[in-house]
Structure formats: C-alpha cells, structure tokens
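Now for the letters of each chain:
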Amino acid sequence: MAKPVSHSYLLLLILFLTIHLSEELQFSQYQTLLKVQQLLGYPSALGSYSSNTDNCNIEPTPSLTLVCYEDNLTQLHVVGNKGFTSLPQNFSSDTLFATLGSLSSLKVLSLVSLGLWGPLPESIAQLSSLEILNISSNYFNGAIPVQVSHLKNLQSVVLDDNNFNGEIPNWVGSLQGLAVLSMKNNWFSGNLPTSVNALVTLRVLDLSNNQLSGELPNLHNLSNLQVLHLENNTFGPHFPSLPTKLISLVLRNNSFKLSVPSNVSSFYQLQKLDLSFNGFVGPFPPSLLSLPSLNYLDISSNKFTGLLFKNFSCNDDLHFVNLSSNLLKGELPTCLRPKTRVVLYTRNCLSNENQDQLPSTFCSNEALAVNVTPQQQKHKRTTGTTVLVSSMGGVVGVLIVGVVILVVSQVHKKHVVKTPSKSTLENVISQAQNEDEVKTPKRSIMEHIISRVPDKHAVKTLSRSIKEQVMSRVNNRRIVKTHTRSIIEHVSSVNTAKLLTDARYISQTMKMGASLPAYRTFPLDELKEATNNFDASCFISEGSHGQIYKGVLSDGMHIAIRGMKIRKKHSPQTYMHHVELISKLRHSHLVSALGHSFECNQDDSSVNTIYLISEFVQNKSLRSCVSGSSGEKLSWTQRIAAAIGVVKGIQFLHTGIVPGLYSNNLKITDILLDNNHNVKISSYNLPLYAENKRTVSNGTSPGLKGNLQARIKDADKHDVYDIGVILLEIILGRPIMFHNEVGTLKDLLQVSIKTDDIARRSIVDPVIHKECSDESLMTMMEICVRCLSSEPTTRPSVEDVLWNLQFAAQVQNTWKRDSNDNRDSPAPSSRET
C-alpha cells in the first residue's frame, strides 16, 4: 500500500508550479516587448527593460512606464521624440498593433511622439480590454478605422497632433463609456455627427485646429461635459445647444454669426469662456461678468453691441477680460479697473478711456448695419475683393475700397428706393465728397487718406471706370429691389473698423523713425571720409551680402555701411525701385536705413558697388544678454519686452511697407540691443540681395528651385517659426546652436507646461526663474511651442504672437506689483489645468 502524500509536499508542489507559471507568463510578455522594441527600431525609450529584471517593477521614467496586475501587463506608456525618432524603413503599424494584441490584459496604451506613420491599423481591435488609447504626436493618417468601435471598454481616446483626415465617423456615438475624446490638430473635415449626443459620459471634447464645419449638433444631453474646445474650425452660424455644467468653453475663430443665447448666463461652473474672432452680434450680456466661477472671458473681434455702465458687477476671481474690437458704448464698469485684472477694451466706443476708442457714431451706425433678422442672416454670405497695388501702397488700397463702395452706393440710389439708413462706410464716403457738410471724425479720416494719394486724376479715372462697370451690370441684369439691397448689405459688411484702423496705422507708420535724419543719397567721398577711406580699423564683419564698416559722419553721428559688389552691370536707374523700398525701412525695432550710395564704373557708368547706410547700434546682441557666458543678463520683464520688440519689427516688415518682406531668416544674433535695451533687427530679406545672388549660376537662386510656390504660400509663417526659436532661447537661457536641438527643447517645453510650477521653473534660465510669474511663464511657453509647430499652417499669426506676448507682459507687471513684499516667492498660478 502506497504511503499517503504529506500536505506539506502538496503545498510545496503547488507553490513551485505557481512560481514556474508566473515566470513563463512574464517571459512571454518580455518577448512581446522585445518584439515591439525591434519594430520601433530600438528607441532609447525602451532600453531600460531586460530579461534579467522584473519588468513589472521597473522604475517609471518619463520615457517608459510599465504597470502590472497579478503578473499581467495592464499599462504600457512609451514617450519618444517625434522629431528625431528614426523608424526602420520596413516599419508597419499593422505589425506593431498585431504584436501588441498579444497583451490581452492591456488596459492603457500610450505611444506618444514615436514618429509612427501610416493608417491606424484594423488590428487594433485585438486589444479588446483597452480602456485608454493615446497615440498623440505621431504621423498617423487616413480615416479612423471602424474596428475602433469594437473596443467597447474605451474611456479615453487621444489622437492629437497627427494627420488623420476624413469625417469623424458616426459610430463614435457607440462608445458609450467614453469620457475623453480629443482629436485636436488633425485634418478632420465635414460635420460633427449627431451621434455624439449619445455620449452621455463624455467629460472632455476637444476638436480644435481641424477643418470641421457646419452646425453643431444638439449637445444639451451631454450632462457630464466639462470641457468643450472647438477653436480654429468653421462651425456655425448658430450658437450650439450646450449642457450647463461646462467648465471651459472655447469657440474661438469659427463662423458663428448670430447672438449668444441668454441661458449662457446660467453656466455657473464656467471658468473659461472664449468666443473671440467670430461674427457674434446682438447685445453683450453683462451677466457674464458676474458668473460666479468665471476667471477668463474673451469676446474680442465680434460685433457685440450695447451700453456698459459703471455699476455693473463682476466676479472677484475674474482675472482676464478682453472686450476689444466690438461695438460697445458707455463706460467701463468700475469692477474691471482693479490692477489685479488684465482688461483689454480697445476699438470700441467707450467714453473717457485711455485705450484706443472709436467715435460713438461709428458704433451706432455699425450696430444698425449688423442688426438684421435671423432669416436675413441665414442666407447672407460676406464677399470680399482683394486689390493689389504695388506702387501706391496700402493707402491706395484702402481708398479703392472706398471708391468702389461710393460708386455702388450712387448706382443703388438711382435704381432702388432709399433704405432707412446708410451703412457707416457709405456715410464716410458721402461726407468726404460733400464739401458743404460739417466735418466729422469719419470724414476727416477719409480726407486724410485721399490727401495722401499723389495722383488725384487717377482716382477720378478709377472711380469713373468702376461706375461704368457697375452701371453696365445693373442695366444688363434687371435687378429687383430686394436683390439690390442685398448688394448694399454685402458692401456694408466690409470691416469699417479695419478701414479706420488702417488709416490710424498709416499715420503711426509715418511717425516711425521721426527722430532719424531724412533718408538721402550719400556722396561716395563722404563715406570714405567717415571710414578713413574704408580703413581696416573700421571694418566690422563680412557676410554673404558684402562687407560692413563703421563710420562717423562730420556731425558726429555713427553709421554702419554695407558695401555690396554688383555682379551684373546695370545703370543706377535700374536699382531705384530697390532704393525706394529700402528707404521705407525705418522703424523703432529695425536697424533703420539712412541712405545709399552708388560706386560706378568710369567707362560705362554702370554700378559696381551699392553702399547701404544705416544707423549704428553698438551694444550687444540679444543672445549675449540672455544666453551668453558672461556679462549682465536681461531680467524676465526685459526679455518679454525684447520679444515684443522683435515681433513688432517683423510685423512692420510684413505689413508696414509695400511690398512686405517675408522669410527674413531671423536669428537671435541678428537682434541687437541699444543702450536702452531696445531691440533692433539688423538683417532682413531685401529683394536686392536675392536679385544680386540670382546672377550666380546663370540666374538660379539656390534653394528656391521647384519650391518657390511653397515658400511664398507660408512665407509669414517662416518668420513665426524663427520667432519661436528666439523665444526658446529667451526662456531657457541657453544658446541654440544647431537646428536639431529645437525639436528636443520644444518637447521639453511641452512636457513642462503640463507639470507643476516647481518642475516648470527647473528648466528655465536660473537667472530669471524666481522673478517670473507662473502665468507669464506659461503664456510664453505656450506661444513658443505654437510658433515651433512642424506644420506652418498651424502656427499662429504674427498678430496672435504679439497679443500673447503683451498679455504675458501685463500679467507679469501685475504680479510684480502684488509681490513687492516677497519678491523671491513665485505667485501661485491662477490658470486652470
């Protein structure tokens, strides 16, 4: 008879089998991870696990995190460097996800910034336990496969910063447990499907920066929705039906045209509301100012009307308000005046205010022009005409718009019964033409513009020609009254505020460089005398566009002289159009032009050297003052001011002269500071340089062949990218010497934006990390990252960059005043996460 097996032996056997089974399971998971490592080209992010370690207990890093439950891998987080990740040429996203499919217990998958490309594969359906999917900052393209709808446990889907396109699928409404749906910075188009209103558990919906359009579906049933960000699409024109528990609502830069419903004033949990850059009309609801949780309100660049009164009440936590570019009248509420708040209200018609305001009659007339019924708005489409004028500049462009409107107005009077009220623009033109009427502010502006045009006969001829064209079309097309009125409505939709702003900008531009001597032609002998016959002691440097010398004029003024050898023989008259453009380069943030001189051949009088004379700035470059190894460093406030100066200089190069100068190859070493720390851009993309360079290699300009159209299309965004690189160096305080550093440092900023204040300040220049407010630092970091977007079309405009920098300066000044008693303690952030 066999001996009975002891209980202790059985227990030992069970324990051995359990340990053996566990080791086998961990080994299979390791094999899967090893295969993933191979498929991704052995990225450094996956280098911290090996067969000799307990992979479930690896110390988490910013690049790799593994989480296990009962020896099953449940979470895999891999974060790489999108700009510098090199995948194998035979990489297949389908193979990658098929391999990951063997991790049957995987609940969280995060593959971020790994450079993954191709369509999202159908094999993703094998990850049946998946609850959180984050594949942001890659290069996935195409439509979202229907197999994603098979993942019924999904709670969070983040597809940000990819190249997905097509329509958002209707089956998205079948993901009943979804709490987060973020698809920002892609190429999705079409309408938002109505099935979205079935996602009753949804808390975050972010579709910003796509190409979505049309009316939004009814979202009122999404009772748990807290964050709705739809900026930079073309949704509209009706304001959407929304739930009342929203915390952040951003509809910036869409096509909303009608009024804001009154129930928005009952969104008592709302902390951020951004309706800017739309076409909202109707009275501004003052109750928005007193929403109990609101701390950020931006309604700028709309057509809100109404009277503001001093006794309006405001929420105490409201720290940022932007009412700019609307049609508001009355007085700024007293509650918006505390210095602890940032309040912007330019380009309204408020009385007794310091910020730039328009005449009260302007807002009254414009309010009438936009006060149309919903039925009229529904069918109304604004059209515009672009007029290109090369020699007369922006002033003539504005005048031509005025002449067109005047002619249409005159034709309209002959064929249509008089409408109750003229548009503001018609009033401006008619008053400018009627010498017997009392002068109004609008008329004086129009007179100022007309007086700036040198050829009055050309204006009359243009007016007569346009009138004949319009008359011809009217006679040929038997237009009825209602259609003719529609034409007038279209014409009056021209942005009158922009006309007045342009006129004001012209006046300001004329004052640029007023402290400088007039631009003139310098005799060559005067330049030789100023440089001691171009002595070596006056030599500064030599670049691709000639040698630069320092000189001193007889009146003691210091100048810089660039001598550029001309490679092709032409007479001086050939270069006069270049001289005309150069003479306009006079701005407080440019190394301004003072004059020119030609050195000609004695034989045929052709030009062999052009000397360009500019003001001399003898202080250091911006780099030496923010990231140099020695010397005094700029404070945080001074750095923001310097960045604002750079952007203002670029803005002038783009819009302050005609034609504008783009793709200026801006470098921080080309930004100089004078003795007052005022920045001046010393190098820009003059057509003269390019023309002289094209004479080499039989007239072909290196680097432009085959790509000229692409460069022209995004020319302004090239400068925005360069501004981002400069901001990067200003923030980090370290010199950026190579282009491949930019992507890495940009990713560092992106990560730090999402961390806490202490971690964020750890990457900032130690010289200034204690003296900057968290709000201003965050603003600078965020606009810097946007400027460095890999897609030029997603980079902000120069005006947007300038606005953000000015906001950073304002909140920094406010924080500085409030922390005088404790300068070394950074103020807590008031921003929402």
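Throughout, residues of each chain are indexed from 1 in the direction in which the sequence is written. Where totals are concerned, whole chains, interfaces and linings use all residues; where local detail is concerned, this predicted model gives features only for residues with pLDDT of at least 70, and gives and counts side-chain atom pairs only at 80 or more. Processing note: side-chain calculations cover all non-hydrogen atoms of the structure and skip hydrogens and water entirely.

In this section: empty space enclosed by the protein. A cavity, in this analysis, means grid points on a 1 Å lattice covering only the protein atoms where a 1.4 Å probe fits yet has no way out; a pocket is instead an open set bounded by protein on both sides within 12 Å along at least five of seven lines, and a residue lines either one if it has an atom within 4 Å of a point. Grid points are joined across faces, edges and corners, and a volume is the space filled by probe spheres set on the points. Applying the stated criterion across every chain yields a total of 1 cavity of 30 Å³ or more. The calculated volume of the largest cavity comes to roughly 90 Å³. Contributing to the lining of the largest cavity are 13 residues, with Ile144, Val148, Val157, Trp171 and Met183 lying nearest its centre. Of the residues that constitute the lining of the largest cavity, the class distribution is 13 nonpolar, no polar and no charged. Side-chain classes are defined by residue name, with Ala, Val, Leu, Ile, Met, Phe, Trp, Tyr, Cys and Pro counting as nonpolar, Asp, Glu, Lys and Arg as charged, and the others, Gly among them, as polar.

Moving on, we get to the packing of helix H20 (residues 774–787) against helix H21 (residues 798–818). Axis geometry follows a simple rule: fit a line to the C-alpha atoms, using only the stretch in contact for helices, then measure angles between N-to-C directions, giving values from 0 to 180 degrees. Strands are runs of DSSP state E lasting at least two residues, helices are runs of H or I lasting at least four, and both sets are numbered from the N terminus onward. Viewed as axis vectors pointing N to C, H20 and H21 meet at an angle of 165 degrees, and their least axial separation amounts to 8 Å. The angle between the axes of H20 and H21 places the two elements in the roughly antiparallel class. In the crossing of H20 with H21, the sense of the turn from one axis to the other is left-handed. Along the contact surface, H20 presents Glu775, Ser776, Thr779, Met780, Ile783, Arg786 and Cys787, while H21 presents Asp800, Val801, Asn804, Leu805, Phe807, Ala808, Val811 and Gln812. Taken together, the residues that form the contact of H20 with H21 break down as 8 nonpolar, 4 polar and 3 charged. An angle below 35 degrees is treated as roughly parallel, one above 145 as roughly antiparallel, one from 65 to 115 as roughly perpendicular, and anything else as oblique. Left-handed describes a crossing in which the near helix is turned anticlockwise from the far one by less than a right angle; the clockwise case is right-handed. We call two residues in contact when some of their heavy atoms are within 4.5 Å.

This next bit is on the nonpolar core. The tendency in soluble globular proteins is for nonpolar side chains to be buried side by side. Put simply, a nonpolar core is a bunch of buried Ala, Val, Leu, Ile, Met, Phe, Trp, Tyr and Cys residues held in one set by side-chain atoms that sit within 4.5 Å of each other. Categorising residues by exposure relies on relative accessible area from a 1.4 Å probe, with only protein chains included: less than 20% of the type maximum marks a residue as buried, more than 50% marks it as exposed, and the intermediate range marks it as partly exposed. Membership of the largest hydrophobic core comes to 91 residues, with the highest contact counts inside it found for Leu96, Phe97, Leu109, Phe284, Leu297, Leu323 and Leu336. When contributions to this core are tallied by element, the ones reaching two or more residues are helix H1 (7–39), strand E1 (64–69), strand E2 (72–79), helix H2 (93–100), strand E3 (108–112) and strand E19 (303–308). Sequence-distant contacts of Leu96, that is, excluding residues within four places in its chain, are made with Val36, Leu39, Leu40, Phe91, Leu111 and Leu116. Leu634, Val679, Leu749 and Leu777 belong to the second-largest nonpolar core, a separate cluster that totals 73 residues.

With that out of the way, let us pick up the sheet that holds strand E8 (residues 163–167). Pairing within the open sheet is parallel, and its 6 strands lie in the order E4-E6-E8-E10-E12-E14. Every interior strand has two partners, whereas the edge strands, strand E4 (117–119) and strand E14 (234–235), have only one. Any two strands with at least two DSSP-identified bridges between them are counted as paired.

On to the state of the cysteines, then. In what follows, a disulfide is any cysteine sulfur pair within 2.5 Å. Scanning the entire structure with this criterion turns up 2 disulfides. There is a disulfide in this structure between Cys314 and Cys335, and the S-S distance comes to 1.8 Å. Taken as a pair, Cys314 in the loop between E19 and strand E20 (320–322) and Cys335 in the loop between strand E21 (327–330) and strand E22 (342–344) lie far apart in primary sequence, 21 residues in all. By relative accessible area, which is 15% here, Cys314 ends up buried. Taking relative accessible area as the criterion, Cys335 reaches 17% and is therefore assigned buried. Bridging Cys349 to Cys363, the disulfide has an S-S length of 1.9 Å. One quick way to see it: the torsion about the S-S bond of Cys349 and Cys363 is about 85 degrees, and its sign makes the bridge right-handed.

Worth remembering: the numbers are spatial, not functional.
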